[in-house]
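Descriptive structure summary
Below are the chains, spelled out letter by letter.
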Amino acid sequence: MAKIVFEDVTKTFPTKDRKNKRNREQFTALDGIDLEIGAGEFVVVVGPSGCGKSTLLDLLGGLTRPTSGRILLDGKPVTGPGLDRGIVFQQYALLPWRTALGNVEFGLEATGVPRRERTARAREFLDLVGLTGFEDRHPHELSGGMRQRVAIARSLAYDPDVLLMDEPFAALDAQTRESLQDELRRIWQRTGKTIVFITHGIEEAVYLGQKVAVMTSRPGRVKEIVPVSFGARGDGFLGEELRSSPEFARYRHEVWTLLHDEVARAQQLEKEEATV
Ligand SMILES: Nc1ncnc2c1ncn2[C@@H]1O[C@H](COP(=O)(O)OP(=O)(O)OP(=O)(O)O)[C@@H](O)[C@H]1O
């Protein structure tokens, strides 16, 4: 049984028509999404701006409900947020008055883990993301990359089966982004979490994803799923060696080609709307 199933999921939002509140039209953000994600899979979603990527993740996180269709997690419909899913956003959403350790512990407070165990677990996960020695720093004393590491540690600490990541590295400089990509791959390999990751970056998608789901421009649909595999050298094959390989370039080109038409279509739609 697949871990996550989107069954013909549509999401519409009422459009804002201030003059005539009765005559509100519906705006379709996602239209008939069918998607299956296996346990332990790393799936990256790419698509033009505004195609509904964040909406898809919010639905899976239970932060919003589908207008029609169903989302199943381990065969059961998602009806709201839960500790079985950890969410990491682009902005770190850390508590500024708590230390790195305190922020990771905060994620555990809702789970009923006893205090002493919370501290030990928080230390363990800060270590997993390479932040040993930084436990007592407050967010303002940490770099952007470190803050995002704390956010990842916080989400992992309560041991969710599924990690949902919405452009988590978008605000970071290129080098920090690449080192966090390496760490995330390592964490995924070590923990076996199911990861759904959203990005605008084609290279990031190919580097991280076992599958890259390319979405169409509005309304968002799944256009194609590209399975990514780097063959026998597989998991140990990381960093620059992987990024500069011919296989990597091939996948990059394949995803770029799929996206290219969609981005052009999205830009055309924007132009048409601007002239109305
Ligand atoms: N709560 C809401 N009310 C009305 N419209 C919304 C709401 N949330 C999202 N939308 C619209 O739905 C569409 C999809 O938004 P979403 O944020 O999911 O896209 P996205 O692919 O994540 O975009 P980006 O890549 O720019 O972050 C957009 O046109 C957005 O304006």
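Data block above holds the structure.
Model, not experiment: these values are computed from the prediction.

Reading the values: the criteria
Residues numbered from 1 in each chain as written. Predicted model: local features only at pLDDT ≥ 70, side-chain atom pairs only at ≥ 80, totals over all residues. Pairing = 2+ DSSP bridges. Helix = DSSP H or I, 4+ residues; strand = E, 2+ residues; numbered from the N terminus. Axes fitted to C-alpha atoms, helices over the stretch in contact; angles between N-to-C directions. Contact = placed C-beta atoms within 7 Å.

Looking now at the sheet that holds strand 2 (residues 26–37). Strand pairing in a sheet is mediated by backbone hydrogen bonds. Such pairs are either parallel or antiparallel. Spatially, 2-1-4-5 is the arrangement adopted by the four strands of the open sheet, whose pairing is antiparallel. Two strands lie at the open edges of the sheet, namely strand 2 and strand 5 (76–77), each paired on one side alone. In this sheet, strand 2 lies alongside strand 1 (residues 4–14) in antiparallel orientation, the contact comprising eight bridges. Bridge pairing in strand 2 places Val5 opposite Glu36.

As summarised here, the arrangement of the six strands in space is 6-7-8-3-9-10, forming an open sheet in which the pairing is mixed. Because the sheet does not close on itself, it has two edges, and the strands there are strand 6 (85–88) and strand 10 (222–227). Between one strand axis and the next, the sheet turns by 15° as a mean value, whatever way the strands run. Lying over the sheet, helix 1 (residues 53–60) contacts strand 3 (42–46), strand 7 (162–166), strand 8 (194–198) and strand 9 (211–215), oriented at roughly 150° with respect to strand 8. Strand contacts of helix 8 (residues 246–275): strand 3, strand 9 and strand 10, with the helix running at about 175° to strand 10, the strand carrying the most contacts.

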